[in-house]
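Letter by letter, the chains look like this.
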Amino acid sequence: MSAWVISIQQQPTEDDFLKAERHAVPVTEGMQYIGENADANMAHDLVNELSEHGISPPSGTLRLKSGTDPDGDRHSDAASDKKKDCNYARGKWAVDKRRPLYSGFGCKQWLSEMWACRLTKRTDFSFEAYRWLPENCEMPEFEGSAFLKRMRHKTLAFVGDSLGRQQFQSMMCMITGGRETSDVEDVGRSYGLVKARGAVRPDGWAYRFPRTNTTILYYWSASLCELEPLNRSDADTHYAMHLDRPAFFLKHFLHRFNVLVLNTGHHWNRGKLRANKWEMYVGGKPVVDRKLAQIANARNFTVYSVVKWLDSQLPLHPGLKGFYRSISPRHFVNGDWNTGGSCDHTTPLGGGSEVTQVHSSDTVAEGAVMRTKVKLLDITALSQLRDECHISKYSVKASTGAHDCLHWCLPGVPDAWNELLYAQI
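Residues numbered from 1 in each chain as written. Predicted model: local features only at pLDDT ≥ 70, side-chain atom pairs only at ≥ 80, totals over all residues. Heavy atoms only, no water.

Here we come to the pairing of strand β16 (residues 321-325). Within β16, four of the five residues are buried, which leaves it mostly tucked inside the rest of the structure. Of the pairings in the sheet, the one linking strand β13 (residues 259-262) to β16 comprises four bridges and is parallel in character. If you follow Leu262 over to β16, its bridge partner there is Tyr324. (Buried < 20%, exposed > 50% of the residue type's maximum accessible area, 1.4 Å probe, protein only. Helix = DSSP H or I, 4+ residues; strand = E, 2+ residues; numbered from the N terminus. Pairing = 2+ DSSP bridges.)

Written out as structure tokens, the structure is:
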């Protein structure tokens, strides 16, 4: 079953959409959250939904994604005919004997045991020896002390879901080289990051490196939305999930950040919303519009909303750089996480080593940051090539259960995400 993609950069005309409908491009397998049978009309409807609630796509022009049209003809952006500028998402994976940047047996101070694949029964770790090499870009070799000097008196904040937590833990391991460090100060309390009674873990962590006064923190916000209890006196209350409001943590602490990396994606399904007791709200009222209430549309609405909000804040915080990280791909085959899906590959780069496309595989993320000062940390296509790097069926307990084809082994792919981040800050 086919799906169609257009990328919207301004409020389009009816004629624009007729053109888009004629030249739309089939979505590749790696593209997610677009939806089957999505067409220009669906895109038009979504733009209207955004506009009705005061959220307009970034200004610019209507752009058709480069590729093959339904008639088999090639078409491309004019820019693609020019010499390519640096595109960190376009390049190739190559063996590098200096990898990994920290030991898979170490970094126990920062790395969750469940993500340390060296501690499991897995036996093949050749995937650890690869480095991402962008095309036409100078990629500095990551070195912890150099990173801390660059971030002297600054704070790097990761805000998002468990994939954001993996990126945070990867960064802590990369900075320290995985070595035990006694002079790192836990400053979580100053951000309200303390473990609540009965909780499995706090909502995040924050650590300061005293020698350079550099703080690295993570805050769990799977949807990036503000969550408001509907009945504060009821411990079992449901929550208003405000699609048009960023998480309160962001609004409250933004002035303390110098680099902010946002991500969301994999919690946008009905099961997660029901389990978390989240109810969609926009404009302070429950969402009753059926189109907006569709999960894909609600997620897209939120991504555009939070990026637009962050862009509006950047002029008020001149020292802040904002990034939106594109979706991390899943590699389940023959089912999903709860229906027998698996990811048994252990041979690196079985599907190829190179990304040649100009635009992001995450068209929603690319569209949201277009014409804003928020940068896209585009990791989707390059991560799509690394299906051998997931936790898979292995666990610390050596028991075989459901495959984890979403989270990554560390050291691993999230280290490359941080190298790309380092190069851009």
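Our focus in this paragraph is the packing of helix α4 (residues 162-176) against helix α11 (residues 413-424). Relative orientation of the contacting elements α4 and α11 amounts to 75 degrees, with a least axis distance of 9 Å. With respect to α11, the element α4 is oriented roughly perpendicular. Of the residues in α11, those touching α4 at Leu163, Gln166, Gln167, Ser170, Met171 and Met174 are Pro414, Asp415, Trp417, Asn418, Glu419 and Leu421. (Axes fitted to C-alpha atoms, helices over the stretch in contact; angles between N-to-C directions. Parallel < 35°, antiparallel > 145°, perpendicular 65-115°, else oblique. Contact = heavy atoms within 4.5 Å.)

One broad trend across soluble globular proteins is that nonpolar side chains are buried collectively. Counting 57 residues, the largest nonpolar core has Phe147, Leu156, Phe158, Met171, Ile216 and Leu421 as the members making the most contacts within it. Formed by 32 residues, the second largest nonpolar core is a distinct cluster that contains Ala157, Val187, Ala247 and Phe253. (Core = buried A, V, L, I, M, F, W, Y, C linked by side-chain atoms within 4.5 Å.)

With that out of the way, let us pick up the state of the cysteines. Each disulfide is one covalent bond, formed between the sulfur atoms of two cysteines. What the rule picks out here adds up to four disulfides. Between the sulfur atoms of Cys107 and its disulfide partner Cys173 the distance amounts to 2.0 Å. Here the disulfide of Cys107 and Cys173 is left-handed, its torsion about the S-S bond being about -105 degrees. Highlighted residues: Cys107 in the loop between β5 (87-95) and β6 (130-135) and Cys173 in helix α4, separated in sequence by 66 residues. By relative accessible area, which is 1% here, Cys107 ends up buried. For Cys173, a relative accessible area of 0% gives the class buried. Sulfur-sulfur distance for the disulfide between Cys343 and Cys405 comes to 2.1 Å. Every disulfide takes its handedness from the sign of the S-S torsion; for Cys343 and Cys405 that torsion is -95 degrees, giving left-handed. (Disulfide = S-S within 2.5 Å.)

The subject of this paragraph is α11. Between the first and last C-alpha of α11 there are 18 Å, a value that for 12 residues agrees with the 16 Å anticipated at 1.5 Å per step. Within α11, 12 of the 12 residues are buried, which leaves the element mostly enclosed by the surrounding structure. Every buried residue of α11 is listed here: Val413, Pro414, Asp415, Ala416, Trp417, Asn418, Glu419, Leu420, Leu421, Tyr422, Ala423 and Gln424. (Expected span 1.5 Å × (residues − 1).)

Strand order in this open sheet of three strands is β6-β5-β17, and the pairing throughout is antiparallel. Two strands bound the open sheet, and with one partner strand each, they are β6 and β17 (354-355). In terms of strand pairing, β5 meets β17 through two bridges, oriented antiparallel. For Lys92, the partnering residue across the bridge sits in β17 and is Glu354.

Moving on, we come to the pattern of salt bridges. Summed over the entire model, instances satisfying the criterion amount to 16 salt bridges. Among the ionic pairs, Arg131 bridges to Asp96, the shortest N-O distance being 4.0 Å. Remark: Asp96 occurs in the loop between β5 and β6 and Arg131 occurs in strand β6; sequence separation between them is 35 residues. Each member of the pair Arg131 and Asp96 is classed as buried. (Salt bridge = Lys/Arg side-chain N within 4 Å of Asp/Glu carboxyl O.)

A separate point is unusual backbone geometry. Peptide bonds are mostly trans, and most non-glycine residues show a negative phi. The omega angle of the peptide bond from Arg99 to Pro100 is 0 degrees, so this bond is cis rather than trans. In this structure, Pro100 sits in the loop between β5 and β6. The step from Leu410 to Pro411 runs through a cis peptide bond, and the omega angle for that step is 0 degrees. Within the element layout of this structure, Pro411 appears in the loop between β20 (404-408) and α11. We note that Leu349 has phi near 60 degrees; this positive angle belongs to a residue other than glycine. Exposure remark for Leu349: the relative accessible area of 15% places this residue in the buried category. For Ser392, which is not glycine, the phi dihedral falls at a positive 60 degrees. Here Ser392 is to be found in strand β19 (residues 390-392). Relative accessible area serves as the criterion here: at 6%, Ser392 is assigned to the buried category.

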